[in-house]
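One-letter residues, chain by chain:
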Amino acid sequence: MHTSELGSASWDQLRELFALRKDGLHLNTGTIGVMPHEVLDTQDRVTREWTGGLMDVYPPGMYPQHRADIGRAFGVDQDEMVICHNATEGVARIIHGLDLHEGDEVIATSHECYSVLSNFNLLRNRHGITLTVLTPPTGHDVRAEEIVTMFEQAITARTKVLAFAAVTLFTGTRMPIRALSELAQRHGLITVVDGALLPGMLNSDLRALGVDFMACSGSKYQCGPLGTGLLYLRNKVYAEHNPLPLPTFWPVISTWYPMMGRPPERSRTEVASDNIGDYVQSAGSASIARGAALAKACELWDSIGRDRIERRALELGDHARTRLAEHFGTAALYSPGADESLRSPLVAFHPFRDPQDAWNVRKVAAFVARLEAEHRIWVRWTEFDVPGSPHQHYAARVAPHIYNDPEEIDHAVAAMARLAEEMS
Amino acid sequence: VTAVTGARPARPVAAGATLRLLGPGPVPHPDPLCCTGPAAAQLARLSTRTLFGYPTDPDPRSWRPVTPVADLAEVVPSMYNAGSGASHRSYVITLRRGVYWDTPTPREVTVHDVVRGLKRLGNPVVRHPLLPLLTSTIRGLAEFCAGYAAATAADPSAERLAGYQREHEVAGLLVLDDDTVVLELTRPAVDVIELLALPCTAPAPQEYDEFVPGSPGLRTAVRSTGPYRPVIGPEGGHRWEPNPAWQPDTDPLRTRQLAGVRLDLLADLPSQDTGPDDVDLGGTAALGVAARLRSGEADLAWNVPGGDPAAADSKPWPVTGLDPYLAVQHPDQAVRRALAALVDRDRIAALAARLEPGLPARPATTLLPDAQAEPVPGPAVADPTVLAGIRLTVAHSGTELAAWVARSCAENWRTAGAQVVVTGPGRPGPVADVVVDARWPEAGPQLPRVLLQPLAQPPGRRPDPELDRLVTAALAAAADERVAVAAWHSVAERLLRTAAVVPLLHRTPTRQPVGSARVLDAVPVPTAGGTVDLTGVRLAEDR
């Protein structure tokens, strides 16, 4: 199919783009997406092009064109976009680049990826910051205002950073990013967003979201190769999006950070004073092939239409949510549903009749394992805290994407219902 | 007598040899609930496995022997194997398969045994001194233990105790199946794995329900999960024989190199009627054992702290004992402070150097060995005249050094006019005003709470709400290491300022253990006070 045809191709036709396994049903894009054949081919081709040669590998490792192209898709410029190895690396480079000192407070949630919490704990040990961890509400009826209020009530005079996921991996809650960004701006705070699940799922204008930093995966909903990620750093001040001055940032791991002197003062306007993205991007030899493959995945997404993809992914998520609610009841859902703004394609639910099985990791893990072994359906289980409960809860999580269709979801949910009934 | 080490040249190993231990008694009861202190922990390792445990390393300064690994458990639960979550308040523990009790028909260890072992901690008969570590950590265990004691203290028969355990649950212990238990915590704790490596948390088989904890009947009915099992000899000797139910491939921490282990008790301890400065060096336990080792009557010292005094010092091990210290229960703070001010640490250090010459000692004015100076009450804040005419009882833990330290302190206090009676361990009577004891931390040095909380909250302690508040604050700060350490220092300061605990000596092993020339591979366990791992010992053929 020619690139120009992608925007009008049917979902059945687009499904053919992907290197899907024929022997199973992939409903776990929250962990890893399926690469398009063209992405695989790009990675293979570029790997071969750069193997055994005497070419200068360093300039292409800065990915100037890929960063510009990808940045455009997310509403930002090349100097604000970095191709990194994964969301975890991006998160670490953001957190350790923050100018935090003893007594400064960071507010995060217990539903963050562990890499967020471990790196902030490192700062706590290293610099004496305070880390306040909130447990966000869960369930079908959760509303965005509750989440914003939870953060707002935790802010103190010493708070410097709000850290949250764009879409939480445990319950698939699409956090109210813009509302939290505005909250942070009202209090003069830095926003650090774990956007691992965002690219390829949501058609987002990162600048308009108003956040300061976001680390993303390239291999989940964006369907790039494993070992790819995107890192956004706000490098300009657009008053309508975020009028706060750019936060002081130390680009740890950098080849091209000045070896003498210091970079120019950070911009206070819509014009960049420096290419901070280059400082972060320059980190020794790069995987040129993987970067090219990620860029190809993004190019395909642009051709299909990111807005169209977002609608389809959310529709599939809604379809799954509806079917799961029919079979298991709304009370079984950990993921939001009543507030449309919080919905994502990821839906976490409790499969068993006995509510106490929600903290039976063995049973939930067995449920997921049997779905794979007996039905060739891939989902995953997640673990998280629930406000007011002394238990750690476990849930099954489905995460469809555009290569799935409603019939597959119907089939999977029916199989899950039968298996859950048997195991209950 | 030689210093023994794992780095010896290869020598022929004696097949079917029995290791002969020698040391001063008493021998601890094999019930895990009675396992306190390094000497007991050393014996427990022969037959008692816990969920987690410590590997040995020929170099005790290595990080390995202070880092717990899975023993009965399959893995150490962590965020990386989905065994714990971001809140650090829930741990999923799955048992390793193929571990059996040495019951007549070997029966696999299950999580029901794990839960039984933890529930037994609440019995009112044997209250383990480390219980506060666990009741402040495991959700619902404090309530369970309080209810247990209240319901059974008046009639603690085996039947009533077992009945209470059957009919009541610990809220934070969720049994998922025979192999898996979820442990929920009251609050995050960075040392939960270390706590579950304590011998007192060992699983207990259903057979223990027939006995009162620590009772004579249980002594002969104790069951093993380790490579050896205890045999109580008809003459009162103590022996361990190979446990036929033990499978080496299911035990990552122990081996079995011996046909058996025998413990002989040293008789003829020096008279305690002589003054502490008149100790007959030829009659001390350490030197008595050394003489018997030299003559070939025994292979390895037991319950004799310290290494070979003839061996060269090496770098300090990653463990320091507060040995000895005074736990002062007298209700009057002025009295406590005066008692603290009148101890003579230099004299006690000299005493320790003579009694236990292989264990270097330094006078301690702090509880934590690496702490900056803490407010130990000295002459400036203590008025010794308050001691005039008061009556004091002083008990000790029963070791030779503790007995002499009790006498030494008593002499000092008598000079201020106090009437002091020194009692031995286990004597009937009212609770002593002062107890001479030792505290060797069961975990690495980075976990101050393991050392301090048992000092702050010993069983039967007089009430101190401010101290309890400080302990609670320290526990609540566990997630923030720097805040937690500072909070534990506040606990230590409170103990010192109120003279509830009086540190006397810090002792850090620096030498190799003592054994006969037959002993090979005697590797110390830092978390058991540097005692030798008996499950790794081999014996060379006689030359």
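A brief report on the enclosed structure follows. What you see as residue numbers is a count from 1 along each chain, following the sequence as written. Naming scheme: in the order in which they are written, chains are lettered from A and ligands are numbered from 1. Side-chain atom pairs in this predicted model are given and counted only at pLDDT of 80 or more, local residue features only at pLDDT of at least 70, and totals for whole chains, interfaces and linings cover all residues. Side-chain numbers come from the whole structure's heavy atoms, not from hydrogens or water.

## Brief notes about the overall build of chain B
What counts here: Strands here are runs of E lasting at least two residues and helices are runs of H or I lasting at least four, both read from the DSSP assignment and numbered beginning at the N terminus. With a 1.4 Å probe rolled over the protein chains alone, any residue whose accessible area is under 20% of its type maximum counts as buried; one over 50% counts as exposed, and the rest are partly exposed. A contact between two residues is defined here by any heavy atoms of the two lying within 4.5 Å. Only the protein chains shown count as cover for residues, with accessible areas throughout obtained via the Shrake-Rupley method and a probe of 1.4 Å.
Tallying secondary structure elements over chain B gives 14 helices and 25 strands in all. Relative to its 543 residues, chain B shows a buried fraction of 58%. Considering only contacts within chain B whose residues lie at least 6 apart along the sequence, 75% involve residues at least 24 apart. Per element, the accessible surface of chain B, about 20,800 Å² overall, is 54% carbon and sulfur.

## Some words on helix α11 (residues 306-328) of chain A
An α-helical turn contains 3.6 residues, so a residue and the one three or four places further along point in the same direction. Definition in use: A helix is expected to reach a length of 1.5 Å times the quantity of its residues less one.
Between its terminal C-alpha atoms α11(A) stretches 32 Å, which fits the 33 Å expected from 23 residues at 1.5 Å a residue. One or two positions beyond α11(A), positive phi appears at A:Gly329, with a value near 95°.

## Re the interface of chain B and chain A
Put simply, an interface is often sized by how much accessible area is lost when its parts join up. Worth spelling out the cut-off: Accessible surface is computed with a 1.4 Å probe, and the buried area is the amount of it that two parts give up when combined, taken over both parts together. By definition here, a salt bridge exists when the distance from a side-chain nitrogen of Lys or Arg to a carboxyl oxygen of Asp or Glu is within 4 Å. Here a polar contact is taken to be a pair of N or O atoms separated by no more than 3.5 Å, where protein atoms must pair a possible hydrogen donor with a possible acceptor and residues adjacent in sequence count only if both atoms sit in side chains. Only Asp, Glu, Lys and Arg are considered charged in this grouping, and only Ala, Val, Leu, Ile, Met, Phe, Trp, Tyr, Cys and Pro are considered nonpolar; every other residue, Gly among them, is considered polar.
In this complex, chain B contributes 22 residues to the contact, which on the side of chain A involves 22 residues. Regarding the contact of chain B and chain A, the summed buried area is about 1,700 Å², with carbon and sulfur atoms giving 50% of it. Three residues stand out in chain B for area buried against chain A, namely B:Ala86, B:Leu176 and B:Arg482, and they jointly supply 27% of the buried area on that side. Here B:Asp177 ties to A:Arg362 by a salt bridge, and the two come within 3.9 Å at their closest N and O atoms. Here chain B is connected to chain A by four residue pairs in polar contact (both at pLDDT 80 or more). Contributing elements (two or more residues each) for the side of chain B that touches chain A: β5 (90-94), β9 (180-184) and α14 (481-497) of chain B. Here the side of chain B that touches chain A is composed, by residue class, of eight nonpolar, six polar and eight charged.

## Focus on the side chain of A:Arg306
All names here are of chain A. Relative to the helices and strands, Arg-306 is located in helix α11. With a relative accessible area of 8%, Arg-306 lands in the buried category. Here Asp-302 takes part through its side chain, which lies 2.8 Å from a polar atom of the side chain of Arg-306. When residues no more than four places from it in sequence are discounted, the contact partners of Arg-306 are Ala-73, Phe-74, Gly-200, Asn-203, Gln-222, Cys-298 and Trp-301.

## Here we look at unusual backbone geometry
Generally, phi is negative for residues other than glycine and the peptide bonds are trans, each holding for most cases. Look at the link from B:Gly25 to B:Pro26: it is a cis peptide, with omega at 0°. Tracing the chain through its elements places B:Pro26 in the loop between β2 (18-23) and α1 (38-47). The step from B:Asp323 to B:Pro324 runs through a cis peptide bond, and the omega angle for that step is 5°. Its place among the elements puts B:Pro324 in strand β14 (residues 321-328). The backbone of A:Cys223 sits at a positive phi, close to 65°, despite the residue not being glycine. Considering the arrangement of structural elements, one finds A:Cys223 in the loop between β7 (213-217) and β8 (229-233). Residue classification places A:Cys223 among the buried positions, given a relative accessible area of 0%.

## Focus on empty space enclosed by the protein
Residues and elements named next belong to chain B. Rules: Here a cavity denotes a set of grid points, spaced 1 Å apart and computed over the protein atoms alone, in which a 1.4 Å probe fits but from which it cannot get out, and a pocket denotes an open set meeting protein on both sides within 12 Å along at least five of seven lines; residues with an atom within 4 Å of a point are reported as lining. Grid points are joined across faces, edges and corners, and a volume is the space filled by probe spheres set on the points.
For the structure shown, the criterion picks out eight cavities of 30 Å³ or more. Considering the residues around the largest cavity, the lining is formed by 22 residues, among which Ala-41, Arg-45, Tyr-54, Ala-197 and Pro-199 are closest to the centre. For the lining of the largest cavity, the elements supplying multiple residues, two or more each, are α1 and β3 (52-53). Here the lining of the largest cavity takes four residues from α1, the largest share from any one element. Class assignment of the residues belonging to the lining of the largest cavity gives a composition of 12 nonpolar, five polar and five charged. When its volume is computed, the second largest cavity comes out at roughly 190 Å³. What lines the second largest cavity is a set of 20 residues, among which Pro-28, His-29, Pro-30, Leu-43 and Trp-240 lie closest to the centre.

## Digging into the environment of A:Ser273
Residue and element names in this part refer to chain A. Tracing the sequence through the fold places Ser-273 in the loop between β8 and α9 (276-281). Given a relative accessible area of 32%, Ser-273 falls into the partly exposed group. When the C-alpha positions of Ser-273 and Lys-236 are compared, they lie 8.2 Å apart, and in sequence the two are 37 residues distant. Discounting chain neighbours no more than four positions away, the residues touching Ser-273 are Pro-264, Glu-265, Arg-266 and Ser-267. Side-chain polar atoms of Ser-273 contact the backbone oxygen of Glu-265, separated by 2.7 Å. Separated by 3.1 Å, the side chain of Ser-273 and the backbone nitrogen of Ser-267 make a polar contact.

## Remarks on the packing of helix α12 (residues 448-456) of chain B against helix α13 (residues 465-476) of chain B
Residues and elements named next belong to chain B. We count it as follows: Angular values range over 0 to 180 degrees, each being the angle between N-to-C directions of two axes fitted as lines to C-alpha atoms, with helices fitted over their stretch in contact. For classification purposes, an angle smaller than 35 degrees is called roughly parallel, one larger than 145 roughly antiparallel, one from 65 to 115 roughly perpendicular, and anything else oblique. A crossing counts as left-handed when the near helix is turned anticlockwise from the far one by less than a right angle, and as right-handed when that turn is clockwise.
Between α12 and α13, whose axes approach to 11 Å, the crossing angle comes to 155°. The orientation of α12 with respect to α13, classified from their angle, is roughly antiparallel. Crossing handedness for the pair α12 and α13: left-handed. Residues Arg-449, Gln-453 and Ala-456 of α12 pack against Leu-467, Val-471 and Leu-475 of α13. Tallied by class, the residues present in the contact of α12 with α13 amount to four nonpolar, one polar and one charged.

## Overview of the sheet that holds strand β8 (residues 173-175) of chain B
Residues and elements named next belong to chain B. Stated formally: Two strands make a pair as long as DSSP finds a minimum of two bridges between them.
Pairing is antiparallel in the open sheet, where three strands are placed in the order β5-β9-β8. Because the sheet does not close on itself, it has two edges, and the strands there are β5 and β8. For this sheet, the mean angle separating the axes of adjacent strands, direction not counted, is 20°. Inspection of the sheet shows β8 paired to β9 by three bridges, in the antiparallel sense. Of the residues in β9, the one forming a bridge with Leu-173 is Leu-183. Docked against the sheet, helix α2 (residues 111-120) engages β8 and β9, running at close to 160° with respect to β8.

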